[in-house]
Amino acid sequence: MTRILIADDDPGIRDVITFALDKAGMETVTARDGAEALEVFASSAPDLLVLDIGMPEMDGLGVCQEIRKSSNAPILFLTARDDEIDRVLGLEIGGDDYVTKPFSPRELVARVKVILRRTAQGQEVPEVLHRGALNLDPQLYEATFDGKPVPLTAIEFALLRALVGKPDQVFTRAQIMVAAYGPTMHVSDRTIDSHIRNIRAKLAEAGCTDAIRTVHSIGFRIEACLPS
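For every chain, the first residue of its written sequence is number 1, and the numbers climb from 1 along that sequence. Only residues with pLDDT of at least 70 get local features here, since the model is predicted, and only at 80 or more are side-chain atom pairs given and counted; chain-wide, interface and lining totals rely on the full set of residues. Side-chain metrics rest on all non-hydrogen atoms present in the structure, leaving aside hydrogens and water.

**Student:** It is not clear to me how the layout of surface pockets should be interpreted in this structure. Could you clarify?
**Tutor:** One water molecule sets the probe size; rolling that probe over the atoms shows where empty space is left. Residues are said to line a cavity or pocket when one of their atoms sits within 4 Å of a point; the points come from a 1 Å grid over protein atoms alone, cavities being sets where a 1.4 Å probe fits but cannot get out and pockets being open sets with protein on both sides within 12 Å along at least five of seven lines. Grid points are joined across faces, edges and corners, and a volume is the space filled by probe spheres set on the points. There is about 240 Å³ of room inside the largest pocket. The wall of the largest pocket is formed by 17 residues, among which Asn72, Leu140, Tyr141, Glu142 and Leu152 lie closest to the centre. In this text, helices come from DSSP runs of H or I with a minimum length of four residues, and strands from runs of E with a minimum of two, each type numbered from the N-terminal end. Per-element accounting of the lining of the largest pocket gives the leading share, 3 residues, to strand 8 (residues 142-145). Of the residues assigned to the lining of the largest pocket, the class counts are 11 nonpolar, 5 polar and 1 charged. Three classes are used, and their members are as follows: Ala, Val, Leu, Ile, Met, Phe, Trp, Tyr, Cys and Pro are nonpolar, Asp, Glu, Lys and Arg are charged, and the others, Gly among them, are polar.

**Student:** Please clarify how the state of the cysteines should be interpreted in this entry.
**Tutor:** What makes a disulfide is a covalent bond joining the sulfur atoms belonging to two cysteines. When two cysteine sulfur atoms lie within 2.5 Å, the pair is treated as a disulfide. Under the criterion given, the structure shown has 0 disulfides. Sulfur of cysteine 208: no disulfide; nearest cysteine sulfur belongs to cysteine 225 and is 4.2 Å away. Relative accessibility decides the category of a residue: with a 1.4 Å probe and only protein chains considered, values under 20% of the type maximum give buried, values over 50% give exposed, and everything between is partly exposed. Residue class for cysteine 208 comes out buried when judged on its relative accessible area of 1%.

**Student:** Could you clarify how one ought to interpret the pattern of salt bridges in this entry?
**Tutor:** Pairing is possible between side chains of opposite charge, provided their charged atoms come close. A side-chain nitrogen of Lys or Arg and a carboxyl oxygen of Asp or Glu constitute a salt bridge if their distance falls within 4 Å. Evaluated as defined, the whole model comprises 14 salt bridges. When the shortest N-O distance is used, the salt bridge between arginine 111 and glutamate 107 registers 3.0 Å. Linking arginine 111 with glutamate 107, this pair stays in helix 5 (residues 105-124), spanning 4 residues, or about one helical turn. Judged by its relative accessible area of 8%, arginine 111 is buried. One network of salt bridges, in which partners are shared, links Asp8, Asp52 and Lys101.

Pasting the structure below:
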């Protein structure tokens, strides 16, 4: 059974999310703050985390940063409606998606399923994709550039896989959204841009600069991805 870690300092919100995910056939574990979230994560090995950004002890962004040092487990952030900066920052440090408060439990469950489905699809497809020195292994859900690991989240991997899979195509933001989230989910252009920016930064850290080119007024395409 899929296990989800829910971390929020509001017991009412924890109960609502727990009920919704349990009803969807998922197992849940909970934490009351960021420090406890790290403890529960280490002991329960969840398949996905739902993290409130505004938690005591350690906020959701801090928890995400700590987890990303050792794991690419998918992370869905909960954030207040007016915290746009936090939402963007959350995606840039390794979050896969976010839901704003107040939220619909049905929407949250749908977004959790999309992220998990992307992760599962990546594990089931055996062929390795190549673009220059960039390799994507969907079976292991691993990306490397010139032999160096590139730590991508589930959504980032799905997005980059779409670009590498069709290197001669320019993807609009709408096409990227479908590739990353599926045809039934909608996110803003700013969210897509945050994912692109995050992938670029991770590739650059591995030595692959200018891998994703912006095509003015259209979207993005993948470049040759050669070592400098």
